[in-house]
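# Structural description and commentary
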Amino acid sequence: MITLGIESTAHTLGIGVVENGKVLSNAMDTYKPIGEGIYPRKAADHHSEVFVNVLEESLSKARVGIDDIDLISFAQGPGIGAPLRVGIIGAKYLAAKYGKKVIGVNHAYAHVKISEHLTGLKNPLVLYVSGGNTQILIEEPHEKRENKPGIRLHVLGETLDIGIGNLFDTFGRTIGLEYAHGAVLAKLAEGGTYVELPYTVKGMNLVFSGLLTQAEKLVREGAKKEDIAHSLFETSFAMLCEATERALFLTKKKKLIVCGGVAQNRKLQEMLRLMCKEDGVKFGVAPDEFNRDNGAMIAYAGEVLFKKYGTHPIQYWKPIQNYRVEMIKEIMRID
Ligand code: FE2
């Protein structure tokens, strides 16, 4: 079975091809806002402009034609309305024109499933960290007895305000970075020294806005940008470690995966790896290209779901901007 996956929930238009779990291609093109945040309309314009090129690149890298595709999978949400719709329209158009089956998948579910697959860690505790999301996830145990793939993801803890990636992007814009992206800020932070900042963990939940406000205030008052950037990473990552370690102890899980855009950060990987080593927990993280928003993970997750549960007619599928993982069963109409 060959599946084409389309990702368009935020700044990246990604199209990947997967054949029975094996990634054949993972093409992508990212809209980079300069001096501003993501404008939904501009992200949508970008995705519609590059759609055909990314599709052709994906098919040619996978050495398949559109006729070879059995299933078209698309990211159904959560995401930003305008860019999200470009991917969905593309998926439904291709499915209708070429007579393919189509399936919508939850973006967070896709990050979790591709990471489990590529790290070989099945049924782990998951720390999902990206621009818009920060969650500690677990699969409910009765799922395992039924021998079905995870559709009962449960949120143990999460951010109570902004996503951790949004914290870095917003701070980056405040200090005038031209391309305010976490990776650019991480480079600046390398030369900094630690300054104490607000630290807020509530059980397994997290709060980042006070940290952002104080960091911005200190920069306005003349603190060195690299010191505050460094301390922003140190503080927020320490918060993630505390909440995740609490979840590990409570659930008695012996495996941890980190996934999502911020999972690419080497400092975070190093802190989680050290914590897991001390706690006797196996730690896994997928290669960077699968922690970015990408089409291969959407193809992979669509294939997993389709093989177990089939799909619905093309008319059924529509975007869901606030699609939380707890809604998957209801949306997929799985008993
Ligand atoms: Fe993502």
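Scroll up to find the structure this text is about.
Our subject in this report is the structure included herewith. (Residues numbered from 1 in each chain as written. Predicted model: local features only at pLDDT ≥ 70, side-chain atom pairs only at ≥ 80, totals over all residues. Heavy atoms only, no water.)

### Some remarks on unusual backbone geometry
Of note, the bond from Gly77 into Pro78 is cis; its omega dihedral lies within 30 degrees of zero at 0 degrees. Within the secondary structure, Pro78 is located in the loop between strand S4 (71–77) and helix H2 (81–98). Phi at Lys252 is positive, roughly 60 degrees, even though this residue is not glycine. Mapped onto the elements of the fold, Lys252 is located in the loop between helix H8 (225–251) and strand S11 (255–259). (Helix = DSSP H or I, 4+ residues; strand = E, 2+ residues; numbered from the N terminus.)

### A closer look at the sheet that holds S11
Taken in spatial order, the 5 strands make up an open sheet running S8-S7-S6-S11-S12, and their pairing is mixed. Taken across any chain shown, the strands that pair with only one partner, and hence form the sheet edges, are strand S8 (153–158) and strand S12 (282–284). With direction set aside, neighbouring strand axes in the sheet form an average angle of 25 degrees. Those strands touched by helix H3 (residues 107–119) are strand S6 (125–129), strand S7 (134–139), S8, S11 and S12, and its axis lies near 125 degrees from that of S11. (Pairing = 2+ DSSP bridges. Axes fitted to C-alpha atoms, helices over the stretch in contact; angles between N-to-C directions. Contact = heavy atoms within 4.5 Å.)

### Overview of helix H9 (residues 266–279)
Between its terminal C-alpha atoms H9 stretches 20 Å, which fits the 20 Å expected from 14 residues at 1.5 Å a residue. Every buried residue of H9 is listed here: Leu268, Gln269, Met271, Leu272, Met275, Cys276 and Asp279. Taken around the axis of H9, the buried residues stretch over an arc of 165 degrees, which confines them to a single face. The outward face of H9, more than 90 degrees from its buried face, is lined by the exposed residues Leu274, Lys277 and Glu278. (Expected span 1.5 Å × (residues − 1). Buried < 20%, exposed > 50% of the residue type's maximum accessible area, 1.4 Å probe, protein only. Arc of directions from axis to C-beta.)

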